[in-house]
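So you can see what is in the structure, the chains are spelled out below.
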Amino acid sequence: MPDLLIELFSEEIPARMQKRAGEDLQKLVTNGLVEAGLTYGSAAVFTTPRRLTLALGDMLAASPRQVEERKGPKADAPEKAIEGFLRGAGLTRDQLEERETPKGKVLFAKIEKPGRPAAEIVAEVLEQTIRNFPWPKSMRWGSGSLKWVRPLHSILCVISDEAGAEVVPLTIDGITARNTTRGHRFLAPDEIEVSGFEDYQDKLSRAFVVLDPAARADTIWHDATNLAFAAGLEVVEDAGLLAEVAGLVEYPVVLMGRIGEDFLGLPPEVLQTSMKEHQKFFSVRNPKSGQIERFVTVANRTTADEGATILAGNEKVLGARLSDAKFFWDNDLRTVTTGAGMETWVKALENVTFHNKLGTQAELIDRMATLSRELAPLVGADADEAEKAARVAKADLSSEMVYEFPELQGLMGSYYARKAGMSDAVADAAKDHYAPLGPSDDVPTAPVSIAVAMAEKIDKLTGFWAIDEKPTGSKDPFALRRAALGVIRILVENDVSLSLNDVLGQSAEIVGDRDAGRADTADILGFIHDRLKVYLRDQGIRHDVIDACIAMDGSDDLTLLVKRARALSETLKTDDGENLIQGFKRANNILSQAEEADGVEYSFGADPKFAETEAEKDLFAALDKAEAKITPAMAAQDFSTAMAAMAELRGPIDAFFEAVQVNAENPTVRRNRLNLLSRIRTICSAVADLTKLDG
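In what follows, the accompanying structure is described. Keep in mind that this is a model prediction, so the values were computed, not measured.

A cluster of acidic side chains, namely D3, D58, D161, E162, E166 and E198, defines a negative patch on the protein surface. Mapped onto the elements, D58 comes out in the loop between β3 (51-57) and β4 (66-74).

Another point: the packing of helix α8 (residues 308-337) against helix α13 (residues 411-419). Between α8 and α13, the shortest axis-to-axis distance is 9 Å and the interhelical angle comes to 45°. Our classification of the angle between α8 and α13 gives oblique. Both α8 and α13 take part in a crossing whose hand is right-handed. Residues W329, D332, L333, V336 and T337 of α8 form the contact with α13, whose own contacting residues are M412, Y415, Y416 and K419. Tallied by class, the residues present in the contact of α8 with α13 amount to six nonpolar, one polar and two charged.

The next subject is the sheet that holds strand β16 (residues 292-299). Overall, antiparallel pairing links the four strands, which are arranged β13-β15-β16-β14 in an open sheet. At either end of the open sheet lies a strand with only one pairing partner, and these are β13 (234-235) and β14 (253-258). Docked against the sheet, helix α7 (residues 268-279) engages β15 (282-285) and β16, running at close to 10° with respect to β16. Where α8 meets the sheet, it contacts β14 and β16, and its direction lies at approximately 125° from that of β16.

Turning next to the pairing of β3. Across the seven residues of β3, seven count as buried, placing the element largely inside the fold. Burial along β3 is two-sided: R51, T53, A55 and G57 facing one way and L52, L54 and L56 facing the other are all buried. Here six bridges tie strand β1 (residues 3-10) to β3, and the two strands are oriented antiparallel to one another. The residue of β3 that forms the bridge with L8 is L52. Taken together, the seven bridges between strand β2 (residues 42-48) and β3 define a ladder with antiparallel strand orientation. Its bridge partner lying in β3, S42 is registered against G57. Count of turn residues in the β2/β3 antiparallel hairpin: two residues.

The subject of this paragraph is unusual backbone geometry. Cis peptide bonds are those with omega within 30 degrees of zero, and the linkage from A435 to P436 qualifies with -5°. In this fold, P436 is placed in the loop between α14 (424-432) and α15 (447-466). One non-glycine residue, D173, adopts positive backbone phi at about 55°. Among the secondary structure elements, D173 is positioned in the loop between β9 (171-172) and β10 (175-176).

As enumerated under the stated definition, the model contains two cavities of 30 Å³ or more in all. In this structure, the largest cavity is lined by V236, E237, D238, L241, Q272, K276, F281, F282 and S283. When residues of the lining of the largest cavity are traced back to their parent elements, those giving at least two are α7 and β15. A class-by-class count of the residues in the lining of the largest cavity yields four nonpolar, two polar and three charged. Its volume calculated, the second largest cavity comes out at about 30 Å³. In this structure, the second largest cavity is lined by M17, R20, A21, D24, F133, P134, W135 and P136.

For the pair helix α18 (residues 521-537) and helix α20 (residues 558-572), interaxial distance at closest approach is 12 Å and the crossing angle is 40°. Here α18 lies oblique to α20, going by the angle between them. In this structure, α18 meets α20 at a crossing whose hand is right-handed. From α18, I528, H529, L532, Y535 and L536 reach across to α20, where they touch L558, L561, V562, A565 and R566.

Cut-offs used in this document
Residues numbered from 1 in each chain as written. Predicted model: local features only at pLDDT ≥ 70, side-chain atom pairs only at ≥ 80, totals over all residues. Heavy atoms only, no water. Patch = residues over 30% accessible without salt bridge, like charges linked within 9 Å, V, L, I, M, F, W, Y side chains within 5 Å. Areas by Shrake-Rupley, 256 points an atom, 1.4 Å probe, with all protein chains shown as cover. Salt bridge = Lys/Arg side-chain N within 4 Å of Asp/Glu carboxyl O. Lys, Arg positive; Asp, Glu negative; His and termini not counted. Charge placed at Lys NZ, Arg CZ, Asp CG, Glu CD. Helix = DSSP H or I, 4+ residues; strand = E, 2+ residues; numbered from the N terminus. Axes fitted to C-alpha atoms, helices over the stretch in contact; angles between N-to-C directions. Parallel < 35°, antiparallel > 145°, perpendicular 65-115°, else oblique. Left-handed = near helix turned anticlockwise from the far one by under 90°. Contact = heavy atoms within 4.5 Å. Nonpolar A, V, L, I, M, F, W, Y, C, P; charged D, E, K, R; others polar. Pairing = 2+ DSSP bridges. Buried < 20%, exposed > 50% of the residue type's maximum accessible area, 1.4 Å probe, protein only. 1 Å grid on protein atoms, 1.4 Å probe; cavity = no way out; pocket = protein on both sides within 12 Å on 5 of 7 lines; lining within 4 Å. Points joined across faces, edges and corners; volume = space filled by probe spheres on them.

Below you can see the structure in the form of structure tokens.
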């Protein structure tokens, strides 16, 4: 079976677009071929800055012959109806078949479609793919009409088998498909003729092109870490930068340069950010001091001087970039160590809008400071420290460094707070108060940081609820879902127990009345509960288990709610726990039906002296024993013990239903048994609302 090789060769494709472009090429071509009846055995896609390559193995040499059967009109239908059917099928009257059906004789047509050679199908599919390729941005060049991300120079399209290679006949906008490509732009620019994928890959390798982006990334990381290790240093890991740099070069050559002595005093994060954003350099640090001392750059070629000229140029450009960063750093330090210090920056935020309906950044800071003081005793923080930290946490938004590198906000605030003589707790809160920004980020753990981070997120929720800017569908422009998840993770992962209702109420008071009215704190709590369901589902806890716990009193204490849900989830994984739920639901159903029919509530008066069977007596004893364990366990918030005691009821409840008829003829016995079922419902419902559970 033949193989197919396609290469689209162009000017440099932006690194950020390459991976998606390769996936789109594979999807569009393979889907088109399969729809045309041309199947294949394997597919692989490769990208470099100048080429998109797709290789298919074991492809059919031609699409199979197809026979399509169409049902037509009745045999005695009007002539015009039959003629229309014949035109659509492309047949004559004598080629139709009459068949007996329940509705009489009906005409059927068999339409044969002969197979088509692979080259013909590939040409059609590839032309459609190129002309309709979904680039995020594309351009036209010269006098042609074709759009591509960068000027498209050549198309390689070859079908090969044991008999040889065949170029697919295809011309698009003056570009004719051939069996040639080119190697490295500078090291091997001449045309290369290829006969198939293995030949193509081998010749490109000898022409200084590493086709596989994963192989380029591995080479870069291997060589960079070896260079750093030889100098007693280590490369700072950055998977995103590694993938980007692998998309900038076809033949990676790793070089390590030095950072000027004047810049080594800059914070490591400033050096790392500046080099990454502007130069695409990897940072190399001293593992003993944590200081960034060197950099790794990746050239796209070898040179006679082993990269000395390249490094010299890079070091010169880097020096200019870092001179700017040092200028910002020095200016910021002068501000925080003289005069009013960071208060100067806070005052400047009076002129910076946070949201036109929620006031300025300075007003936000005032709200955060007030709420942080309220939260401090609840999380074990000093109230004065928490308020002070909240007042300076966003001060660095006015700094020159953060203006240049916005991604360093918070982090630079921690440096400046320490330089201004503030405590480590205040400085750490400035760095941590945005956290967590993502599901894998660490949460703040220091009490002052917890208070300020909570205040920042709670204020955001109550503020935007007050102005009716809640998330809708997939739209969440103010990242309120992230804020809610942050509140959940901070509380749960730090084992902080508090009433979220009270905190939301305090924040709503602080935010005050806005254009859309005061924040609906019950609605916010429901929103947070929805985020909690996602958070716990990712940990393997069923949605109905979460609902059963949310329905209980005190569900605004997220830490206790999560402990209850985890304990219930573990209980339901046992046979006793799962079967107990069935017994509980049976008891609840019988009881509910009897209460509705009798118009009374059976909730008191179950007495063992009216028990007629051993199963009844055993259930009374088991309920007394379970209640004696569950009541103190719930008071101590020991949910695991309470759930285990509840699960022990499985056996006595099953035995009761097997041996006892609840609706006895004796009204006294019936009432006593219904009250006994009420005890089951009351005791089990003290743990969770089991009616919410599925099954």
